[in-house]
Amino acid sequence: MTSDREARRRAFLQSAGLGAARREPLAGDASTRRYERLYPATGPSLILMDQPPAVESQPCPPGASDAERAALGYNALARLAAGRVDAFVACAGYLRSRGLSAPEVIASAPGEGLAVLEDLGDDLYARLLETGGEEAPLYDGAIDVLARLHEAPPPAMLSADGSDWPLLSYDELALKTAGDLFIEWLPRLRPELSFGADAAAEWEAIWAPVRSRGAAGADVFCHRDFHAENLIWLPDRQGPARVGLLDFQDALRAHPAWDLSMLLHDARRDVSDECEQAALKRYLAARPAVDADAFIADFHALGALNVARILGIFSRLVARDGKPRYGAFMPRLWGYLDRCLSDHPPAGLAAWLARHVPVEIRFEGRT
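The paragraphs below set out a description of the structure included in this document. Each residue is numbered by its place in its chain's sequence as written, counting from 1. Note on the predicted model: pLDDT of at least 70 is required for a residue's local features to be given, and 80 or more for side-chain atom pairs to be given and counted; whole-chain, interface and lining totals, by contrast, use all residues. Excluding hydrogens and water, the side-chain figures rest on all heavy atoms present in the structure.

## Here's the deal with the pattern of salt bridges
What makes a salt bridge here is a side-chain nitrogen of Lys or Arg within 4 Å of a carboxyl oxygen of Asp or Glu, nothing more. This structure, assessed with the given rule, holds 36 salt bridges. A salt bridge links D247 to R33, with the nearest nitrogen and oxygen atoms 2.5 Å apart. Of this pair, D247 sits in the loop between strand 10 (243–245) and strand 11 (252–254) while R33 is found in the loop between strand 1 (22–25) and strand 2 (34–39), placing the two residues 214 residues apart along the sequence. Taking the relative accessible area as the measure of exposure, D247 reaches 11% and is therefore buried. Residue R33 is classed as buried on the basis of its relative accessible area of 9%. In this structure, E276 engages R339 in a salt bridge whose closest nitrogen and oxygen atoms are separated by 2.9 Å. Of this pair, E276 sits in helix 10 (residues 273–286) while R339 sits in helix 12 (residues 330–341), placing them 63 residues apart in sequence. Judged by relative accessible area, which is 0%, E276 ranks as buried. Burial classes follow relative accessibility: with a 1.4 Å probe on protein chains only, a residue under 20% of its type's maximum area counts as buried, one over 50% as exposed, and anything between as partly exposed. With relative accessibility at 19%, the residue R339 sits in the buried group. Taken together, the shared-partner salt bridges in this structure form one network comprising R5, E6, R9, R10, R23, R34, E36 and D50. Strands are runs of DSSP state E lasting at least 2 residues, helices are runs of H or I lasting at least 4, and numbering of each runs from the N terminus.

Set out below in structure tokens:
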């Protein structure tokens, strides 16, 4: 029996003139989306993106109060797009307007949670690097993308291909929601850990000034998931367009250091200190008006917050969602956190970790 969702997919593809296309499922990720590669009778392959509506809690409406966001749930607190197809379509249009390689939207039905996209191919950074691809040109290209994105402030409302989406800020509440995932979920993964009221109060005091700096500096378009699993190498294109962009629907206006942390503190692959230093040098050379010392300090502080956030997310994926493979990434993240702590660390963080999270727990399973 054909499911209702499959019937909707078929009807959408028929309306887009792709009803006869051969369909091939693609590997999923940690989200509620699914993808298929489409092979029409003529022309290049395409991608079907399927995000069923109402699977996730609601995104944050513009102007919502902190209390309203709390009532709506996690996506509103964190200012995540809840997988909304209209967010993807609007962000893709903005990125293409900046001369960057987001997929062209061939057809979309945001209300149905469906879209057909240009197929940028299979040359993900992660796969190229796993098979011996040269690291330097790939990371140079990624930095050039960020430099292009950060040249000018983005608009408050993104509009493209019939979809509008507000570009909200990564504000203090969203940053707090991010950092607090660590103390909420790590003890559920490791019950021997316990963060009582005093530990939670200290955690809050550590991050409050970091969040303030992050919110005050939120002035660029932030992809938000900018790492090797979401970047595709397109060597036949020129300049920053050589980097194909995926999974950007959760974009916000954020501090420019955030996407650099996502790229250089990559949970799924080791990014060397040498690569990190070369990338930061290239970025600052492309933006000579930026105060380099202040930026590096923000990069390490916000990078530490970002790594703590991802540790919390991976703890949740393992403990709540039964996805143990994410636990294997956590020792690498602790290593990145140590790197952040070695230069401009958030005051008190190293001492807090020493008291509350033993080193042997952090690096258990590292080979």
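Text resumes after the structure shown.
## Quick word on the packing of aromatic side chains
Only rings of Phe, Tyr and Trp enter the pairing, Trp through its six-membered ring, and a pair is recorded when the two centres are within 6.5 Å. The plane angle decides the type: under 30 degrees is stacked, over 60 is edge-to-face, the rest tilted. Throughout the structure, instances matching the rule amount to 16 aromatic pairs. Judged by centre distance (5.6 Å) and plane angle (65°), the ring pair of W203 and W207 falls under edge-to-face. With a gap of four residues between them, W203 and W207 both fall in helix 8 (residues 197–216), about one helical turn apart. The pair formed by W203 and W207 is uniform in burial state, with each residue classed as buried. Ring geometry for Y283 and F295: centres 5.2 Å apart, planes at 25°, overall stacked. With Y283 in helix 10 and F295 in helix 11 (residues 292–319), this pair connects stretches of sequence that are 12 residues apart. Residue Y283 shares its accessibility class with F295, and that shared class is buried. Among the aromatic residues, those joined into a ring-pair cluster are F182, F195, W203, W207, W334 and W352. It is R188 that lies over the ring of W185; its NZ or CZ is 4.1 Å from the centre. A ring is scored as having a charge over it whenever the NZ atom of a lysine or the CZ atom of an arginine sits within 6 Å of its centre and within 35 degrees of its normal. The ring of Y170 is capped by R224, whose NZ or CZ atom sits 4.6 Å from the centre of that ring.

## Here we look at empty space enclosed by the protein
Only protein atoms enter the 1 Å grid used here. Points where a 1.4 Å probe fits but cannot escape make up a cavity, open sets with protein on both sides within 12 Å along at least five of seven lines make up a pocket, and a residue lines them when an atom lies within 4 Å of a point. Grid points are joined across faces, edges and corners, and a volume is the space filled by probe spheres set on the points. With the rule as written, the count across this model stands at one cavity of 30 Å³ or more. Approximately 40 Å³ is the volume attributed to the largest cavity. As for the largest cavity, its lining consists of Y170, L175, G214, A215, A218, A254, H255, W258 and L302. Amino acids are sorted into nonpolar (Ala, Val, Leu, Ile, Met, Phe, Trp, Tyr, Cys and Pro), charged (Asp, Glu, Lys and Arg) and polar (every other residue, Gly among them). Here the residues of the lining of the largest cavity sort into seven nonpolar, two polar and no charged.

## Some points on helix 8
Expected helix span is given by 1.5 Å per residue-to-residue step, counting one fewer step than there are residues. Between the first and last C-alpha of helix 8 there are 28 Å, a value that for 20 residues agrees with the 28 Å anticipated at 1.5 Å per step. Bend, at a single residue, is the angle you get between axes fitted to the 7 residues ending at that residue and the 7 residues starting at it. Along helix 8, the sharpest kink reaches roughly 35°, centred on W207 and followed within four residues by the proline P209. Within helix 8, burial applies to A199, W203, I206, W207, V210, R211 and G214. Whether two residues are in contact is decided by their heavy atoms: any pair within 4.5 Å suffices. Buried residues belonging to helix 8 abut helix 7 (172–189), helix 11 and helix 13 (349–356).

## Focus: the side chain of D247
A polar atom in the side chain of D247 sits 2.5 Å from the side chain of R33. In protein, a polar contact requires one atom able to donate a hydrogen and another able to accept it; more generally it is a pair of N or O atoms within 3.5 Å, and residues adjacent in sequence count only if both atoms are side-chain atoms. In this structure the side chain of D247 is engaged in a polar contact, spanning 2.7 Å, whose partner is the side chain of Q249.

## Structural notes on the side chain of R309
The residue R309 is located in helix 11 in this model. Positive residues here are Lys and Arg, negative ones are Asp and Glu, while His and the chain termini are left out of the count. The side chain of R309 is buried and forms no salt bridge, while D225, the nearest opposite charge, is found at 5.6 Å. Contacts of R309, omitting those with residues within four sequence positions, involve Y170, A178, L181, W258 and M262.

## Describing the sheet that holds strand 1
A pair of strands is labelled paired if DSSP reports no fewer than 2 bridges between them. Here we have five strands laid out as an open sheet, ordered 1-2-3-5-4, and antiparallel in their pairing. Across the chains shown, the open sheet's two edge strands, defined by having one partner strand only, are strand 1 and strand 4 (105–109). On average, each strand axis in the sheet is tilted by 25° relative to the strand beside it, whichever way the strands run. Between N-to-C directions, angles cover 0 to 180 degrees, with each direction set by a line fitted to C-alpha atoms, over the stretch in contact for helices. Its contacts with the sheet put helix 1 (residues 4–15) on strand 1, strand 2, strand 3 (46–50), strand 4 and strand 5 (114–118), and the angle it makes with strand 5 is roughly 50°. Those strands touched by helix 4 (residues 85–97) are strand 3, strand 4 and strand 5, and its axis lies near 155° from that of strand 4.

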